[in-house]
Amino acid sequence: MIDLPSKQLNIYPKTEENLKALFGFYFDEFDLPTGTAVDDCLAKKSLSLNQIEFIVGKLAKAYPIVFKGTFNSQADVSLLLLYGFCAFTKSETEWPFGPTSSARPKLHELIRFCRDAQEA
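Chains are numbered independently. Their residues run from 1 in the order of the written sequence. Note on the predicted model: pLDDT of at least 70 is required for a residue's local features to be given, and 80 or more for side-chain atom pairs to be given and counted; whole-chain, interface and lining totals, by contrast, use all residues. Processing note: side-chain calculations cover all non-hydrogen atoms of the structure and skip hydrogens and water entirely.

Novice: Kindly report on the side chain of glutamine 51, identifying the contributing residues and their values.
Specialist: Relative to the elements of secondary structure, glutamine 51 occurs in helix α3 (residues 49–67). Taking relative accessible area as the criterion, glutamine 51 reaches 7% and is therefore assigned buried. Polar contacts here mean pairs of N or O atoms no more than 3.5 Å apart (in protein, one a potential hydrogen donor and the other a potential acceptor; neighbouring residues in sequence count only if both atoms are side-chain atoms). For glutamine 51, the side chain forms a polar contact with the main-chain nitrogen of serine 48, separated by 3.0 Å. Two residues form a contact once any of their heavy atoms are found within 4.5 Å. Here glutamine 51 is in contact with Leu4, Pro5, Ser6, Lys7 and Ser46, once residues within four sequence places are set aside. Helix and strand assignments come from DSSP, with helices taken as H or I runs of at least 4 residues and strands as E runs of at least 2, each series counted from the N terminus. Burial here depends on accessible area, computed with a 1.4 Å probe over protein chains only, as a share of the maximum for the residue type. Under 20% is buried, over 50% is exposed, and the range in between is partly exposed.

Novice: Requested: an account of α3, with residues and values cited.
Specialist: An expected span of 1.5 Å times one less than the residue number is assigned to each helix. For α3, built from 19 residues, the straight-helix expectation of 27 Å at 1.5 Å per residue is missed by more than 12%, its first-to-last C-alpha distance being only 23 Å. Along its length, α3 shows its largest kink, about 40 degrees, at lysine 61, and proline proline 64 lies within four residues downstream of that point. With 14 of 19 residues buried, α3 lies mostly within the body of the structure. Phi turns positive, to about 85 degrees, at glycine 69, one or two residues after α3. Note on bend: at a given residue it equals the angle between the axes fitted to the 7 residues ending there and to the 7 starting there.

Novice: Would you mind going over unusual backbone geometry in detail, with residue names and values included?
Specialist: The backbone of aspartate 31 shows a phi angle near 55 degrees, a positive value even though the residue is not glycine. Secondary-structure assignment places aspartate 31 in the loop between α1 (16–27) and α2 (37–43).

Novice: Give me the environment of leucine 49: which residues, what numbers.
Specialist: Mapping leucine 49 onto the fold places it in helix α3. Sequence spacing of leucine 49 and proline 13 is 36 residues, and the spatial spacing of their C-alpha atoms is 6.5 Å.

Novice: Give me the lowdown on the environment of serine 73, citing residues and values where you can.
Specialist: Assignment of secondary structure puts serine 73 in the loop between α3 and α4 (77–89). Residue serine 73 is classed as exposed on the basis of its relative accessible area of 75%. Here the alpha-carbon distance between serine 73 and leucine 32, two residues 41 residues apart in the chain, equals 9.7 Å.

Novice: Hey, could you go over the packing of α1 against α3 for me, with residue numbers and the actual values?
Specialist: Here an angle of 0 to 180 degrees is reported between the N-to-C directions of two axes, which are lines fitted to C-alpha atoms, with helices fitted over the stretch in contact. Interhelical geometry of α1 versus α3 gives an angle of 20 degrees and a closest axis separation of 10 Å. What the angle tells us is that α1 and α3 run roughly parallel. Crossing hand, α1 versus α3: right-handed. Between α1 and α3, the residues in contact are Asn18, Leu19, Leu22, Phe23, Tyr26 and Phe27 and Leu49, Ile52, Glu53, Val56, Gly57, Leu59 and Ala60, respectively. Residue composition of the contact of α1 with α3, grouped by class: 10 nonpolar, two polar and one charged. Each angle receives one of four descriptions, namely roughly parallel if under 35 degrees, roughly antiparallel if over 145, roughly perpendicular if within 65 to 115, and oblique otherwise. Take the far helix as the reference: if the near one is turned anticlockwise from it by less than a right angle, the crossing is left-handed, and if turned clockwise, right-handed. In the scheme used here, Gly and all other residues not listed as nonpolar or charged are polar, with Ala, Val, Leu, Ile, Met, Phe, Trp, Tyr, Cys and Pro taken as nonpolar and Asp, Glu, Lys and Arg as charged.

Novice: Could you give an account of the nonpolar core, naming the residues involved and the relevant values?
Specialist: Among the nonpolar cores identified, the biggest contains 39 residues, and Phe23, Phe27, Phe67, Leu81 and Leu110 are the most heavily contacted of them. The set of elements that each furnish at least two residues to this core consists of α1, α2, α3, α4 and α5 (103–119). Element by element, the count of residues in this core is highest for α3, at 10 residues. Excluding its chain neighbours within four sequence positions, the residues that come into contact with phenylalanine 23 are Asp28, Thr34, Ala37, Val38, Cys41, Val56, Val77 and Leu81. Put simply, a nonpolar core is a bunch of buried Ala, Val, Leu, Ile, Met, Phe, Trp, Tyr and Cys residues held in one set by side-chain atoms that sit within 4.5 Å of each other.

Novice: Residue-level account of the packing of α3 against α4, with values.
Specialist: Close contact between α3 and α4 brings their axes to 10 Å; oriented N to C, the two are set at 115 degrees. Taken together, the axes of α3 and α4 are roughly perpendicular relative to one another. Of the two possible hands of crossing, α3 and α4 adopt the one that is right-handed. In contact with Phe54, Ile55, Val56, Lys58, Leu59, Tyr63 and Phe67 of α3, α4 contributes Leu80, Leu81, Tyr83, Gly84, Phe85, Phe88 and Thr89. In terms of residue class, the contact of α3 with α4 is built from 11 nonpolar, two polar and one charged.

Laid out in structure tokens, this is it:
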């Protein structure tokens, strides 16, 4: 897990409009559909908008290196968020992917990428 910024640093409400703007800012260049990303984020009561932006920013930086070409035509923002929520909010034992799932190595790669980028 990578530490999220404090909720106390959040200054904007987590609204549909703000989430759409966030996804547009970070993911429009990749032409990824949002899928259920807005609803997924609104349902995450434990995360504030600044924490979601932190996760989304990391996913956008990692997308071309870690994820591009991984999901074929299934790639959308909601799928990336699933990986981000796992990497940033859950321990490995809580990941919803089975022990032989191809998602686990991708999650490890995402965490490594983010840690390396943080140290650089």
